[in-house]
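Given next are the chains, with one letter for each unit.
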Amino acid sequence: MKKLFYIKTYGCQMNFYDSEKIQDLLKPMGYILSKEPENCDLAILNTCHIREKASEKMYSDIGRLSKYKKNKKLAGENMIIAICGCVAQAEGKEIIKRNKDVDIVLGPHNYHKLTSILSKKFTRPVIKNEFDVEEKFNSFPKPSFSGVTAFVSIQEGCDKFCTFCVVPYTRGAEYSRNVLDIFGEVKNLVSLGVKEITLLGQNVNAYNGKFDFQNPKNLYSLAKLCSFLSEIKGLERIRYITSHPADMTDELILEHQNNSKLMPYLHLPIQSGSNKILKEMNRRYTKEVYLKIVEKLRSKIPNIALTSDFIVGFPGENKSDFDDTMDIVKSVKFAGSYSFKYSPRPGTPAFLKKFDLEDNIINDRLNILQKELNLQQKQFNEKCIGLDMEVLIEKIGKKRNQFVGRSEYLQPVHIISREDLIGKLVKVKIKSLTSFSLHGKLS
Ligand code: 5AD
Ligand code: SF4
């Protein structure tokens, strides 16, 4: 019988990857994806716990699903509500206590259990939040359909324990998948038409994976993995996200220099430009070390685009700490970045620190920072006008004969063509810029 399911994903790319895998699990069970939750037999929220706002959003969305579930009950039908992801891991029991309509709670390492849970009758809520990442990866089925680009999770969890961050508690210890498993997944994706992969990990450049089970001592770094994957014929581009400055090795920088499939783009979060705050955050580097990495990267790969994450208003951040952040932003010049107000997360060491900075001061600092980051992004994009850029076309655009792709630096690029270019790498002369998109002509 036809059953409908709905899935909403919050947060990082890792969650989007997991949500795709959940869909791959459900489709063979006869479930069909629906864009709206109202009439579904199963509604899934794949949640994020990184900042308070993301968690609160989940609770209001559960409230909405509850109403739909009640309506279905009146019609003699049921809607199973499943909460997955990092909030499920961190607040499993609390979720069930706060909302009696939730049926299933699954932490990030437990999605593969969904099939067996759904195939049995259950009368009480089911909570699964064991840490067994290896079993999870081994249980996902092969996808049978994909677009031009795809995410491939290669590493999960984190051992860095930055004092503000929930990831080591919700995703567990660092785990790297086997090289041959990743190779097989990428090869399959390429056979389905994928041209670009983004390797995912919470701390992706700490990747240290066994080649296979028979060779536990034969370990591959991220650089070696990229080199190995680039041998796959038909794979045109490789990206990876998110990196930690302390794991940015010379080997990886050299790989960028020598491997033409590895894109000249690096997301390398610094978080703050103040050595005092970096220490309080337990980031394990100073601003000088970060600048040295940038210098090395730019000496080997002069065109590399750098992006970062910033946290504003960490406990103890004073005006001079914030000025240090602005100084580093102005000296590095980023191609784009994310910036967030510090959000105290229960269970993290920073949660216990005195946090008395006034909200209007934090907002002012965030505004100043974002204004500068937006300006830098605009300047970076403006420098592309007149260039011939290599663009991988991903989809059709909103206008007639319009196609949209991405440059090497991940910028969206719009072009007009009568020929279907989806999946093709084309040279585009960049003519203009609208907000953060580039527009050009086939050259
Ligand atoms: N408050 C604000 N931002 C945070 N991040 C992680 N934890 C917090 C927090 N408690 C940000 C960091 C990280 C990005 C994924 O989210 O900048 O790099
Ligand atoms: Fe969180 Fe720090 Fe690990 Fe990144 S490196 S996931 S910010 S603990």
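Please read all numbers here as calculations on a predicted model, not as lab measurements.

Draft legend 1. Quick look at the overall build of the protein chain. When helices and strands are tallied, the protein chain shows 13 helices and 21 strands. By the compact-globule yardstick of 22 Å for 443 residues, the protein chain fits well, its C-alpha radius of gyration being 23 Å. Each principal axis of the C-alpha distribution contributes one length, and for the protein chain these read about 65 × 60 × 50 Å. Residues classed as buried in the protein chain amount to 54% of the 443 residues present. For the protein chain, long-range pairs separated by at least 24 residues make up 70% of all intrachain contacts whose partners lie at least 6 apart in sequence. Total accessible area on the protein chain stands at roughly 20900 Å², and carbon and sulfur atoms take up 52% of it.

Draft legend 2. Broad picture of the site of ligand 1. Ligand 1 sits among I50, R51, F164, Q271, D309, I311, F340, K341, Y342, S343 and R345. Note that an oxygen atom of ligand 1 is positioned 3.0 Å from one of the side-chain N or O atoms of R51. Measuring from an oxygen atom of ligand 1, one finds a side-chain N or O atom of Q271 at 2.6 Å. Considering ligand 1 on its own, with 410 Å² of exposed area, one finds that the protein chains cover 86% of that surface. Among the secondary structure elements, those contributing two or more residues to the shell around ligand 1 are β15 (305–312) and β16 (336–341). For the shell around ligand 1, the residue count by class is five nonpolar, two polar and four charged.

Draft legend 3. Layout of the site of ligand 2. The environment of ligand 2 is formed by C158, K160, F161, C162, F164, C165, V167, P168, H244 and R283. Class assignment of the residues belonging to the shell around ligand 2 gives a composition of seven nonpolar, one polar and two charged.

Draft legend 4. Looking closely at the packing of helix α11 (residues 287–300) against helix α12 (residues 319–332). The contact between α11 and α12 brings their axes to 11 Å, and the two run at 10 degrees. Taken together, the axes of α11 and α12 are roughly parallel relative to one another. Side by side, α11 and α12 meet where K287, Y290, L291, V294 and R298 of the first sit next to D324, I328, S331 and V332 of the second.

Draft legend 5. Broad picture of the sheet that holds strand β14 (residues 265–267). If you walk across this open sheet you meet the three strands as β14-β15-β16, and the pairing is parallel. At either end of the open sheet lies a strand with only one pairing partner, and these are β14 and β16. In this sheet, neighbouring strand axes are inclined to one another by 10 degrees on average, regardless of whether the strands run parallel or antiparallel. Relative to β16, β15 runs parallel, the two being bridged by six bridges. Looking across to β16, one finds that S308 is bridged to S337.

Draft legend 6. Just the side chain of D247, in detail. Topologically, D247 is positioned in the loop between β13 (237–241) and α9 (250–258). You can call D247 buried: its relative accessible area is 17%. Not counting chain neighbours up to four residues away, the residues in contact with D247 comprise K160, N203, N205 and A206.

Draft legend 7. Representation of the layout of surface pockets in the model. Looking at the second largest pocket, its volume works out to about 340 Å³. Lining the second largest pocket we find 18 residues, and of these N78, I80, K120, K121 and F122 sit closest to its centre. The set of elements that each furnish at least two residues to the lining of the second largest pocket consists of α2 (52–74) and α4 (114–119). Taken together, the residues that form the lining of the second largest pocket break down as six nonpolar, three polar and nine charged.

Draft legend 8. Summary view of the nonpolar core. The biggest cluster of nonpolar side chains holds 54 residues, and the ones touching the most others in it are L199, L222 and L229. Apart from residues lying up to four places away in sequence, L222 is in contact with I154, L199, V204, N205, Y207, Y240 and L252. Counting residues in each nonpolar core, the second largest holds 26 residues, with L106, F137, F140 and L200 among its members.

Draft legend 9. Structural detail: the packing of α9 against α11. Taken N-terminus to C-terminus, the directions of α9 and α11 make an angle of 25 degrees; their axes are 9 Å apart at the nearest point. With respect to each other, α9 and α11 are oriented roughly parallel. α9 and α11 meet at a crossing whose hand is right-handed. Between α9, through D250, I253 and Q257, and α11, the contact on the second element is made entirely by K296, L297 and K300. The residue inventory of the contact of α9 with α11, partitioned by class, reads two nonpolar, one polar and three charged.

The rules behind these values
Residues numbered from 1 in each chain as written. Chains lettered and ligands numbered in written order. Predicted model: local features only at pLDDT ≥ 70, side-chain atom pairs only at ≥ 80, totals over all residues. Heavy atoms only, no water. Helix = DSSP H or I, 4+ residues; strand = E, 2+ residues; numbered from the N terminus. Rg over C-alpha atoms; globule rule 2.2 N^0.38 Å. Buried < 20%, exposed > 50% of the residue type's maximum accessible area, 1.4 Å probe, protein only. Contact = heavy atoms within 4.5 Å. Areas by Shrake-Rupley, 256 points an atom, 1.4 Å probe, with all protein chains shown as cover. Near = heavy atom within 4 Å. Polar contact = N/O pair within 3.5 Å; in protein donor to acceptor, adjacent residues only side chain to side chain. Nonpolar A, V, L, I, M, F, W, Y, C, P; charged D, E, K, R; others polar. Axes fitted to C-alpha atoms, helices over the stretch in contact; angles between N-to-C directions. Parallel < 35°, antiparallel > 145°, perpendicular 65-115°, else oblique. Pairing = 2+ DSSP bridges. 1 Å grid on protein atoms, 1.4 Å probe; cavity = no way out; pocket = protein on both sides within 12 Å on 5 of 7 lines; lining within 4 Å. Points joined across faces, edges and corners; volume = space filled by probe spheres on them. Core = buried A, V, L, I, M, F, W, Y, C linked by side-chain atoms within 4.5 Å. Left-handed = near helix turned anticlockwise from the far one by under 90°.

Spatial relationships are all this shows, so hold off on functional conclusions.
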